[in-house]
Amino acid sequence: MELFTKLFGDLLVFVYHCFDRIVIHGYLSGLSRPEQVVYFFRQVLCVPVVSKEVLSQRTADYQAWVEAFARNHDIPIEWAEKGVRKEDYVQPWLRRMLRRNAYGVFFIFKSMEQGPSFRITTPKFPTKDPNYRILARQKSRFTHNYFYIRDEVLGPMVMRVATFFPFQTTYYLNGHNFIEQELNRKKIAFRKNDNAFLAVDDVGALQAAADKLSPVVIRERLDYWTLILGPKFSAKERKKINLRRFYSISQIEYCRNFIFKRNFPIHKLFERSCELGLWRLTAHKISEIFGQRLHRKICGKLATVIEQIEHGHHVYRAYFKNAFLKQYEKFATFLRNELCSNNLRDFGLKKSLDNLGEVRERFQTITSRFASYQAQWLNVHVDFPLLQRIALPITKGSVRYPGIKIHETRIIRLMDVLLHGGTQVGGWTAKQIHEAVLTTFGLSEKSYCLNQLSYDLRKLKGHALLERDGSHYAYRLNTKGVEVALLFLFFHKRLCGPLANSRFHHQPDLRHRPDSRLEAAYHRADAAIQKVVDLLAAA
């Protein structure tokens, strides 16, 4: 991680890491097994026969309570439609909550989904107890309620409650929402887009808020909303049986975000990362990144792929068992490395919510190791299509400016004069530039007239390479213009010209080479070009 920051620090605004998406299952520890359900109904509630009707009555009571809750609090409750993304559908109601700065439930979805339940059957043969019934776990389809909540600590979150015994709950959280609430509470200004922070006044406070997300904070809020919105149990029932929920991590994502100053290097770095990753990130490298031993009987995937997701951005993925590392660019502003796990046992970790701190440490190490490997691969020159860009015409307002091509002799001469001939602090007038070009290159006024110079100056000014001195008609190269002019001149005079001459006209004798490092580099370049030509001819 330090290597990545060291190499690309001048391109970065800041870097932060945090939990992104977290999916947590909540289990009623006192009603998870069939024998516990029998004990609850027969010993606590004094119901002699545990039948389908008894379980269905608890479901009906809870569904009636949800309907009444939505009606009393004026909360819309609808059935989820197929093909409609729930998070996008509820955005108008969430925006209303944000405008009012209110907290609570703002929408309820009902959905038929598969979930854990109990099957009740009558024994095939008579037993001593005529009320004896066989309870067994099963998977079945029944109604689930999705409560969309804006919490004052965790921010926007979703709580899914199964309406059938054992009333399993699922919670969908996002670490970025928690950080947003913390920064708002401390009155630290920031700019956030979707699930990423693009600017912040205090980077240290941002990272401190990300590290503050703990099992204690999460459990407190989940217990609160489960008590408010979950299935109802009386004080007598809670006293006689343990109805406290056990929370386990089902899915978790940990991301490391690199916020860049400009959008140009992001796409180039990502392209280079994909190319080198597919080539160099072998199975042994993947195992080193994940810190696991590689063996033949490994379960799950072990591969690197490039996938294209719905919004058109490519995602680079490195799979290991049931987890994967993915990298993608978003909003042409930041680059994200994200580690996703659907089974913490792949890392030798327990799934209990209490182990969230250990998960953070392990995932930080893995994402940091991945960034270090990428820094070594990306520490190379990448292509910047300056010549292609500047050769294209551009339009500013209603004015169209022609492109500047590197083989245009007039432009090369003009850049040479503007670089080396400027003696005026406020710039040169067009007439002074024209005289300097004619004198420097021995041209006649007929071969390069003042109108041609005006046309060339107009092109340079249109591409933001030339600037005027206030309202005066005096010109000079700006910072970008100086860099482009140097590149064009060095390309012709120092790089392309000498190499082309040695290839087609005269190649100096290596035995009588002068003691010059530049001349030695030319000879090495000649040998390398010849080697490439020979290899291509042999192929």
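Residues numbered from 1 in each chain as written. Predicted model: local features only at pLDDT ≥ 70, side-chain atom pairs only at ≥ 80, totals over all residues. Heavy atoms only, no water.

1. Details of a positive patch on the surface
So, point 1. Positive charge collects at one region of the surface, where R95, R96, R99 and R100 lie side by side.
So, point 2. Tracing the backbone shows R99 in helix α5 (residues 91-100). (Patch = residues over 30% accessible without salt bridge, like charges linked within 9 Å, V, L, I, M, F, W, Y side chains within 5 Å. Areas by Shrake-Rupley, 256 points an atom, 1.4 Å probe, with all protein chains shown as cover. Salt bridge = Lys/Arg side-chain N within 4 Å of Asp/Glu carboxyl O. Lys, Arg positive; Asp, Glu negative; His and termini not counted. Charge placed at Lys NZ, Arg CZ, Asp CG, Glu CD. Helix = DSSP H or I, 4+ residues; strand = E, 2+ residues; numbered from the N terminus.)

2. Some thoughts on the environment of P508
So, point 1. Among the secondary structure elements, P508 is positioned in the loop between α17 (479-504) and α18 (517-538).
So, point 2. Distance in space between the C-alpha atoms of P508 and F491 is 20 Å, their sequence separation being 17 residues.
So, point 3. The contact partners of P508, leaving out residues within four places of it in the chain, are S502, E519 and H523. (Contact = heavy atoms within 4.5 Å.)

3. Comments concerning helix α15 (residues 430-441)
So, point 1. Along its 12 residues, α15 runs 17 Å from first to last C-alpha, staying within 8% of the 16 Å computed at 1.5 Å per residue.
So, point 2. Residues A430, I433, H434, A436, V437 and L438 constitute the buried set of α15.
So, point 3. Those residues of α15 hidden inside the fold are in contact with α14 (409-420), β16 (428-429), α16 (450-462) and β18 (474-477).
So, point 4. Two residues or fewer past α15, G442 is found with a positive phi of approximately 60 degrees. (Expected span 1.5 Å × (residues − 1). Buried < 20%, exposed > 50% of the residue type's maximum accessible area, 1.4 Å probe, protein only.)

4. Describing α18
So, point 1. Over its 22 residues, α18 runs 32 Å from end to end, which matches the ideal 32 Å to within 8%, given 1.5 Å per residue.
So, point 2. Residues of α18 that are buried include every one of A520, Y522, H523 and D526, and no others. The buried side chains of α18 occupy one side of the element, clustering within an arc of 160 degrees when seen end-on. In this structure, α18 carries R517, R524, K531, L535 and L536 as exposed residues pointing more than 90 degrees from its buried face. (Arc of directions from axis to C-beta.)

5. Focus: the sheet that holds strand β17 (residues 466-468)
Think of a sheet as strands paired side by side through backbone hydrogen bonds, with each pair either parallel or antiparallel.
So, point 1. Judged by pairing direction, the sheet is antiparallel, and its three strands sit side by side in the order β16-β18-β17 without closing on themselves. Pairing within the sheet leaves two strands with one partner each, and these edge strands are β16 and β17.
So, point 2. Pairing of β17 with β18, which is carried by three bridges, proceeds in the antiparallel orientation. Bridge pairing in β18 links R468 to Y475. (Pairing = 2+ DSSP bridges.)

6. Some words on the packing of α15 against α16
How two helices sit against one another is set out by the angle between their axes and by the gap between those axes.
So, point 1. Across the interface, α15 lies against α16 with an axial gap of 10 Å and an inter-helix angle of 110 degrees. Considering the angle they form, α15 stands roughly perpendicular to α16. On α16, the residues touching A430, K431, I433 and H434 of α15 are L450, L453 and L457.
So, point 2. Of the residues in the contact of α15 with α16, the class split is five nonpolar, one polar and one charged. (Axes fitted to C-alpha atoms, helices over the stretch in contact; angles between N-to-C directions. Parallel < 35°, antiparallel > 145°, perpendicular 65-115°, else oblique. Nonpolar A, V, L, I, M, F, W, Y, C, P; charged D, E, K, R; others polar.)

7. Looking at the nonpolar core
So, point 1. Formed by 50 residues in total, the largest nonpolar core has its most connected members in I24, V105, F147, L173, I252 and F290.
So, point 2. Tallying contributions element by element places helix α12 (residues 356-378) first for this core, with six residues.
So, point 3. Setting aside residues up to four positions removed in sequence, L173 forms contacts with D20, R21, I22, I24, L154, M157, I218 and L222.
So, point 4. Ranked by size, the runner-up nonpolar core spans 27 residues in total, among them I406, W428, A436 and Y475. (Core = buried A, V, L, I, M, F, W, Y, C linked by side-chain atoms within 4.5 Å.)

8. Details of a nonpolar patch on the surface
So, point 1. Residues Y224, L227 and I228 make up a contiguous nonpolar surface patch of about 270 Å² in total accessible area.
So, point 2. Note that I228 resides in helix α8 (residues 215-229).
So, point 3. Accessibility expressed as a relative area gives 30% for I228, which makes it partly exposed.

9. Overview of the packing of aromatic side chains
So, point 1. For the structure shown, the criterion picks out 27 aromatic pairs.
So, point 2. When the ring of W65 is compared with that of F69, the centres are 5.1 Å apart and the planes differ by 15 degrees; the resulting orientation is stacked. Separated by four residues within a single helix, W65 and F69 lie in helix α3 (residues 52-72), roughly one turn from each other.
So, point 3. In this structure W65 comes out as partly exposed when scored by relative accessible area, which is 25%. (Phe/Tyr/Trp six-rings, centres within 6.5 Å; stacked < 30°, edge-to-face > 60°.)

10. Let's talk about unusual backbone geometry
So, point 1. With omega at 10 degrees, the peptide bond leading from F165 into P166 counts as cis.
So, point 2. Structurally, P166 is set in the loop between β5 (155-162) and β6 (169-174).
So, point 3. The backbone of A464 shows a phi angle near 60 degrees, a positive value even though the residue is not glycine.
So, point 4. Along the chain, the position of A464 falls in the loop between α16 and β17.
So, point 5. On the accessibility criterion, A464 (33% relative accessible area) is partly exposed.

11. Some details on the pattern of salt bridges
So, point 1. Going through the model one piece at a time under the given rule, you end up with 17 salt bridges.
So, point 2. The salt bridge partner of D151 is R221, with a shortest N-O separation of 2.8 Å. With D151 in strand β4 (residues 134-151) and R221 in helix α8, this pair connects stretches of sequence that are 70 residues apart.
So, point 3. Residue classification places R221 among the buried residues on the basis of a relative accessible area of 10%.
So, point 4. The salt bridge involving R410 is made with D456; its shortest N-O contact spans 3.0 Å. Pair noted here: R410 is in helix α14 and D456 is in helix α16, with a separation of 46 residues, a long-range link.
So, point 5. On the basis of relative accessibility, which here comes to 30%, the residue R410 falls in the partly exposed class.

12. Some words on the packing of helix α6 (residues 175-185) against helix α7 (residues 203-211)
So, point 1. Axis separation between α6 and α7 bottoms out at 9 Å; the angle between their running directions is 125 degrees. Classified by the interaxial angle, the pair formed by α6 and α7 is oblique. The two elements α6 and α7 cross, and the hand of that crossing is right-handed. Residues F178, I179, E182 and L183 of α6 lie in contact with α7, whose contacting residues are A205, L206, A209 and A210.
So, point 2. Here the residues of the contact of α6 with α7 sort into seven nonpolar, no polar and one charged. (Left-handed = near helix turned anticlockwise from the far one by under 90°.)

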